[in-house]
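# Observations on the model geometry
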Amino acid sequence: MAKRELTVFANLDGEFVPAGLLELTEKNERLLASEFAYGTRYIDRPGALEIDPVSLALTDKEIIRGRKIFPKNGLPFFGGIRDAAPDAWGRRVIEARLHAPPNSLPESVYLLEAGGERVGALDIRESRESEQKNGHVLMTDLQYLIEAAERIEAGLPVPSHLEVIFAGGSALGGARPKATVRDAHGILWLAKFSSAGERLNVPEIEAATLRLAGLCGMHVPEVRTVSIGERRVMLIRRFDRYWATRGTIPPPDGMFEPTHPGPGLLEKRVPFVSGLTLLSCDETDARTRSYGELAEAIQRYCHTSVVRDDKRELFARMVFNIFVTNDDDHLRNHGFLWDPAIKGWRLSPLYDVMPRPSISSERYLFLAPGPQGRLASLDNAMGSREKFGLGEKDAANIIARVWREVREWKIHFESFGASGRSIAQAEPAFRHIDAISSAGLRQKLP
Ligand SMILES: Nc1ncnc2c1ncn2[C@@H]1O[C@H](COP(=O)(O)OP(=O)(O)O)[C@@H](O)[C@H]1O
Ligand SMILES: [Mg+2]
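Parameters and conventions
Residues numbered from 1 in each chain as written. Chains lettered and ligands numbered in written order. Predicted model: local features only at pLDDT ≥ 70, side-chain atom pairs only at ≥ 80, totals over all residues. Heavy atoms only, no water. Helix = DSSP H or I, 4+ residues; strand = E, 2+ residues; numbered from the N terminus. Rg over C-alpha atoms; globule rule 2.2 N^0.38 Å. Buried < 20%, exposed > 50% of the residue type's maximum accessible area, 1.4 Å probe, protein only. Contact = heavy atoms within 4.5 Å. Lys, Arg positive; Asp, Glu negative; His and termini not counted. Charge placed at Lys NZ, Arg CZ, Asp CG, Glu CD. Donors = N, O, S within 2.8 Å, 3.2 Å for Na, K, Ca; no water. UniProt positions renumbered as here; feature names shortened; annotations may be inferred. Pairing = 2+ DSSP bridges. Axes fitted to C-alpha atoms, helices over the stretch in contact; angles between N-to-C directions. Near = heavy atom within 4 Å. Polar contact = N/O pair within 3.5 Å; in protein donor to acceptor, adjacent residues only side chain to side chain. Areas by Shrake-Rupley, 256 points an atom, 1.4 Å probe, with all protein chains shown as cover. Nonpolar A, V, L, I, M, F, W, Y, C, P; charged D, E, K, R; others polar. Domains from an automatic or database assignment. Salt bridge = Lys/Arg side-chain N within 4 Å of Asp/Glu carboxyl O. Core = buried A, V, L, I, M, F, W, Y, C linked by side-chain atoms within 4.5 Å.

## Re the overall build of the protein
Helix and strand counts for the protein stand at 16 helices and 13 strands. A compact globule built from 446 residues should have a C-alpha radius of gyration of about 22 Å, and the protein, at 22 Å, falls within 12% of that. The buried share among the 446 residues of the protein stands at 58%. Residue pairs at least 24 apart in sequence account for 64% of intrachain contacts in the protein once pairs closer than 6 positions are excluded. Looking at the protein, you have 59 positive and 60 negative side-chain charges, and the mean spots of the two groups are 2 Å apart.

## Quick notes on the coordination of the magnesium ion (ligand 2)
Distances from the magnesium ion (ligand 2) to its protein donors, namely Asn333 (OD1) and Asp352 (OD), fall within the range 2.1 to 2.2 Å. Of this pair, Asn333 sits in the loop between α11 (304-324) and β12 (335-339) while Asp352 sits in the loop between β13 (344-347) and α12 (378-382); the two residues are 19 residues apart in sequence, bridging distant segments of the chain. Judged by its relative accessible area of 11%, Asn333 falls in the buried class.

## Overview of the UniProt feature "domain: HipA-like C-terminal" (unreviewed entry) in the protein
Residues annotated by UniProt as "domain: HipA-like C-terminal" (unreviewed entry) correspond here to residues 171-408. For residues 171-408, helix accounts for 29% and strand for 18%, while the C-alpha atoms at its two ends are 36 Å apart.

## Quick notes on the sheet that holds β12
Here 3 strands make up an open sheet; going across it, the order is β11-β12-β13 and the pairing antiparallel. Lying at the two open borders of the sheet, with one neighbouring strand each, are β11 (272-274) and β13. Strand-to-strand twist across the sheet, computed as the mean angle between neighbouring axes with direction ignored, equals 30°. Of the strand pairs in this sheet, β11 and β12 are connected by 3 bridges, and their pairing is antiparallel. Note on β12: the bridge partner recorded for Ser274 is Gly335.

## Digging into the site of ligand 1
Taken together, 19 residues surround ligand 1, and among them Arg176, Lys178, Lys192, Arg237 and Asp352 come closest. One of the backbone N or O atoms of Ala175 is found 2.9 Å from an oxygen atom in ligand 1. For ligand 1, an oxygen atom lies 3.4 Å from a polar atom in the backbone of Arg332. Taking 550 Å² as the accessible area of ligand 1 by itself, protein coverage stands at 95%. For the shell around ligand 1, the secondary structure elements donating two or more residues are β6 (188-192) and β8 (231-237). Its residues assigned to classes, the shell around ligand 1 shows 8 nonpolar, 3 polar and 8 charged.

## Focus on the pairing of strand β2 (residues 15-27)
Pairing of strand β1 (residues 2-12) with β2, which is carried by 11 bridges, proceeds in the antiparallel orientation. Its bridge partner lying in β2, Glu5 is registered against Glu23. Hairpin connection between β1 and β2: a loop of 2 residues separates the two successive antiparallel strands, and Asp13 in this loop has a positive phi of roughly 55°. For β2 and strand β3 (residues 30-38), the ladder comprises 8 bridges, and the chain directions are antiparallel. Among the inter-strand pairings, Thr25 is bridged to a residue of β3, identified as Ala33. Turn length for the β2-β3 hairpin, with the two strands adjacent in sequence and antiparallel, is 2 residues, and the turn residue Asn28 shows positive phi of about 50°.

## Remarks on the sheet that holds β1
Pairing between the strands of a sheet comes from backbone hydrogen bonds, and it takes one of two forms, parallel or antiparallel. Here we have 4 strands laid out as an open sheet, ordered β3-β2-β1-β4, and antiparallel in their pairing. Lying at the two open borders of the sheet, with one neighbouring strand each, are β3 and β4 (122-125). Going from strand to strand, the sheet's axes swing by 30° on average, the running direction of each strand aside.

## Considerations on the side chain of Thr25
With respect to the helices and strands, Thr25 occurs in strand β2. Overall, the relative accessible area of 9% leaves Thr25 in the buried class. Those residues in contact with Thr25 that lie beyond four places of it in its chain are Met1, Ala2, Lys3, Arg30, Leu31, Leu32 and Ala33.

## Some thoughts on the domain arrangement of the protein
The domain boundaries assigned to the protein delineate domain 1 (2-125) and domain 2 (271-444). The straight-line distance from the C-alpha centre of domain 1 to that of domain 2 is 29 Å. At the surface where domain 1 touches domain 2, the tally comes to 1 salt bridge. With a closest N to O distance of 3.4 Å, Arg332 and Asp87 form a salt bridge. The interface formed by domain 1 and domain 2 contains 7 residue pairs in polar contact (both at pLDDT 80 or more).

## Digging into the nonpolar core
Core analysis: the biggest nonpolar cluster contains 118 residues, and Tyr38, Tyr42, Phe320, Phe323 and Phe413 have the highest contact counts within it. The element contributing the most residues to this core is α11, with 11 residues. Each of domain 1 (2-125) and domain 2 (271-444) gives at least three residues to this core. Here Phe320 is in contact with Thr209, Leu212, Ala213, Cys216, Met218, Val353, Val402 and Val406, once residues within four sequence places are set aside. Grouped together as the second largest cluster of nonpolar side chains are 24 residues, Leu145, Leu162, Trp189 and Ile228 included.

## Notes on the pattern of salt bridges
Under the definition given, this model contains 39 salt bridges. Across the salt bridge formed by Arg4 and Glu126, the nearest N and O atoms sit 2.9 Å from each other. Taken as a pair, Arg4 in strand β1 and Glu126 in the loop between β4 and α6 (142-153) lie far apart in primary sequence, 122 residues in all. On the basis of relative accessible area, Arg4 is assigned to the partly exposed category, the value being 26%. Note that Arg97 is salt-bridged to Glu113, the shortest N-O span being 2.1 Å. Of this pair, Arg97 sits in helix α4 (residues 88-98) while Glu113 sits in helix α5 (residues 107-113), and the two are 16 residues apart along the sequence. Residue Arg97 is classed as partly exposed on the basis of its relative accessible area of 33%. Relative accessible area serves as the criterion here: at 17%, Glu113 is assigned to the buried category.

Shown next as structure tokens:
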């Protein structure tokens, strides 16, 4: 058993400052326990950010001053810090760099090695004196990044001319091959590649599906696809960065109308936590969780000014996931941002929505939509509407709004430039309203 002390930095107004000390108890690759103490100077800073709103809230500064804090629910980690570490994909990249077998490294190594472009506003370093690990990876490197990602997936060594993946590929969560890149203006994008040997054109289908969700009225980041040689790549704009002068914050709703780099502007970071953190659970018990619980967490942790809208949006996302068979809707695929304009947490823009083709007439989501558990049906969703603060009419209006666009999905996909082949591949994922609702429910729709 070994104890490892790390320094957690938080980005305040475009600059990293030490926020506190994290002590991890590790046994080889297993993390057994975490403790954290906020720095006393840090908590007195105006605008000090909380690392997560569940275990490390900054609401009562006097109670936590100088105290060691432990994670809620007996978890071995703090959700907000776990969210700043890579999961499956980023771990493979770090292991490739360090020549280590899969999942063989201690958690502290993954936390330290994720690099400067990790999601949210935190950085984890060896000590107060450590510098930020920076590596500017450009959109023009995509060709190399894809080649390197293929080699990592195949368990092959990465030759030196492809080492750009080590700077660009380790930051973010998720299992699919990906990298973080900057465009010619300096804007940060997440690039998602197709996986080797994959039949579906995932980047094209995912991009079109996200844009379809945007037409249904949901908050979706800017999404594009580009071709690199034979391969399609999906680019989604990072929603956890914005640009402003020192001391200023983005306008209200700035999270959804992102700013751009410019003279005199600093790149600022937006704190991020996943749904896993808001529900204070780990992956192993995430399977028993529901959308209703996520709605309750919004009620509890998000800023009062956004609670109503965020619960409606979550209901719409759940309905959309039922229509498109996105059954990878687990708690890491729901995110929350700390919006400096309202000084509070709110639902992040939508990401990672991928239709899964199926021939089954009975399908299930990952998170349970309603009283019938994980069953992907609109009646099941309707059964939990009260948890989202929705009356029957409101819920019916949301379902009708989503269906109005989803029923035309092929036309929309074409207008987004998706190929006939991608549309044919995605077709068995999309569901007709008659297949997922009772006649009684359909009668209630406007
Ligand atoms: N547009 C975005 N801006 C910032 N962070 C993002 C964005 N999209 C995804 N992320 C973060 O990156 C992680 C991985 O992305 P995701 O699309 O979920 O990949 P995967 O398909 O591999 O799961 C997410 O869990 C989330 O934390
Ligand atoms: Mg994901």
